[in-house]
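Fold and contact review
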Amino acid sequence: MDRRRFLIASGLCAAGGLSGFALAGRAQAAPLSLVIQPARYALESTPTEGMVSLSPDAPPPVLRLRRGERFVARVTNTLDDYTAMHWHGLRIANGMDGVPYLTQMPMGQGDSFRYDFTPPDAGTFWYHPHCNTMEQMARGLTGVLIVEDDVDPGFDLDLPVNLRDWRLGGDSQFVDFYTARGAARNGTFGTLMTANWAQAPVQEAPAGGLVRLRLVASDTTRIYRLHLPGAQGQVIALDGHPLRVPVPWPGPEAPLILGPGQRADLAIRMPGTEGAELALLNEQPGGPRVLMTLRATGADNRRALAELRPLSANPLAMPDLGHAEVLEFVFGWSPSDTVENNGFCGTLGYTFWSINRVAWPGDASGTGPLAVMERGRTYILRLRNESPNVHPIHLHGLAFLPLRSNRREVAANWLDTALLLDGETMDVALVADNPGDWAFHCHVIEHQKTGLTGYLRVT
Ligand code: C2O
Ligand code: CU
Ligand code: CU
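Procedures and definitions
Residues numbered from 1 in each chain as written. Chains lettered and ligands numbered in written order. Predicted model: local features only at pLDDT ≥ 70, side-chain atom pairs only at ≥ 80, totals over all residues. Heavy atoms only, no water. Donors = N, O, S within 2.8 Å, 3.2 Å for Na, K, Ca; no water. Helix = DSSP H or I, 4+ residues; strand = E, 2+ residues; numbered from the N terminus. Buried < 20%, exposed > 50% of the residue type's maximum accessible area, 1.4 Å probe, protein only. Polar contact = N/O pair within 3.5 Å; in protein donor to acceptor, adjacent residues only side chain to side chain. Contact = heavy atoms within 4.5 Å. Patch = residues over 30% accessible without salt bridge, like charges linked within 9 Å, V, L, I, M, F, W, Y side chains within 5 Å. Areas by Shrake-Rupley, 256 points an atom, 1.4 Å probe, with all protein chains shown as cover. Salt bridge = Lys/Arg side-chain N within 4 Å of Asp/Glu carboxyl O. Phe/Tyr/Trp six-rings, centres within 6.5 Å; stacked < 30°, edge-to-face > 60°. Lys NZ or Arg CZ within 6 Å of the ring centre and 35° of its normal.

A few points about the coordination of the copper ion (ligand 3)
His-391 (ND1), Cys-442 (SG) and His-447 (ND1) make up the full set of protein donors to the copper ion (ligand 3), lying at 2.0 to 2.1 Å. Sequence positions of the donors to the copper ion (ligand 3) reduce to the motif H-x50-C-x4-H. On the criterion of sequence distance, the pair formed by His-391 in strand 25 (residues 391-395) and Cys-442 in strand 29 (residues 436-442) is long-range, its members being 51 residues apart. You'll find His-391 and Cys-442 in the same group, each marked buried.

Structure representation (structure tokens):
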């Protein structure tokens, strides 16, 4: 291993790649204390200053919770800026969802908020701030949240992979997190790509063993196109939920597309020969790029994918399509670029986007819901993208099943974020079984923060 690769591999250990830092759940004796704070960290050889994490010198930890068990975290904000913590994909009580003004007041410097919830679903989720989102996420505050199931599927290694970019100048310090040009188009891309805060880390994995790769696209902008040449594997979950309908194993022609906010769990069988490597590649302009390498170590474990126990389904209510009401949502340009935004929880200073031709005027605006759904009823959300850009549309507090699209075959697998291609109309179905006001927005943060936001109410 050359020096650079070695440094990166050690960086991965610091990122808690294998074990995670914080174990919550069954034996949780006291609330977990999470302190949002300034950090510095060597993403490159020179440490980057002015980062935001939950410790002064490490990435946000992997949080491990247990399905059906209460989790209590006291989140304290030490930043000189407002914040709130959101638990992306968790179908929990509305008051714990971490959306400023909608579900809680933003936390100022020195404030704490006690998050107390019981996750109903097992799977791969994540957490991030929902106030001053652009800045705090760009500075680092995106972490993986895993909800464990009682049934152990039988992996030899469980590996969370937090995929994200950074916008750094030549001195490894932050440059502008967005440009107006980017915000009005596909977003502003990072200059440095990382997995678990490391560039192309090398991760050891037992030869011939079974690995659960938990891919989390936590970047503010990038749409990943992923595959692992030569790997033997299976996609087992999307957006945390076990697949209902199989999806093909990705390859260079048909990579696994993960937009900001989305997750995929892959079951992989490592090669049996010590030292053999598998690369996680992103297909991008200029050619594929290695995001991470898995290297086989030790004697051949001779495991087979067929030995894995299937993941147990999450308790999601099946939509009753015979009695569904259709709600239409159009995502596109803002009809006006002079929308008043008071800047509470951060404004980018521009308005470019809208839902149903209304641009979100800011988090503290007191705007009404885009739609009201009656609790227990089935709805079909018709998601229409009238722009030439791709939008990962995310709904809080609920999960939905894609039904059909005008652009492609869609698989009826539970999601909390639907990636809408340019000009795509996708129908997704859900049962409105979680009461509250649920944020509904594009997860390209520059789109979210320049108008492409709203919320749905479940009565
Ligand atoms: Cu990942 Cu509104 O959130
Ligand atoms: Cu969310
Ligand atoms: Cu968007």
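Some words on the side chain of Asn-385
Among the secondary structure elements, Asn-385 is positioned in strand 24 (residues 378-385). Classification of Asn-385 by relative accessible area gives buried; the value is 2%. Among the polar contacts listed, one links the side chain of Asn-385 to the backbone oxygen of Leu-421, at a separation of 2.8 Å. Leaving out residues up to four positions away in the same chain, Asn-385 has contacts with Phe-331, Val-390, His-391, Leu-420, Leu-421, Asp-422, Gly-423 and Glu-424.

Some details on a nonpolar patch on the surface
Taken together, the side chains of Tyr-101, Met-105 and Phe-344 define a hydrophobic patch exposed on the protein surface, amounting to about 320 Å² of accessible area. One can find Tyr-101 in the loop between strand 6 (85-88) and strand 7 (112-117).

Some thoughts on the packing of aromatic side chains
Considering all chains together, one arrives at 16 aromatic pairs under this definition. Pairing Phe-113 with Tyr-115 gives two aromatic rings, centres 4.5 Å apart and planes at 45°, and the pair type is tilted. In this structure Tyr-115 comes out as buried when scored by relative accessible area, which is 0%. Arranged with centres 4.7 Å apart and planes meeting at 20°, the rings of Trp-333 and Trp-353 form a pair that is stacked. With a gap of 20 residues between them, Trp-333 in strand 21 (residues 324-333) and Trp-353 in strand 22 (residues 353-355) connect regions that are remote in the sequence. Assessed through its relative accessible area of 43%, Trp-333 is described here as partly exposed. Three or more aromatic residues joined by ring pairs form one cluster here, namely Phe-71, Trp-87, Phe-113, Tyr-115, Phe-117 and Tyr-127. Above the ring of Trp-166, the side-chain terminus of Arg-164 is found at 3.9 Å from the ring centroid.

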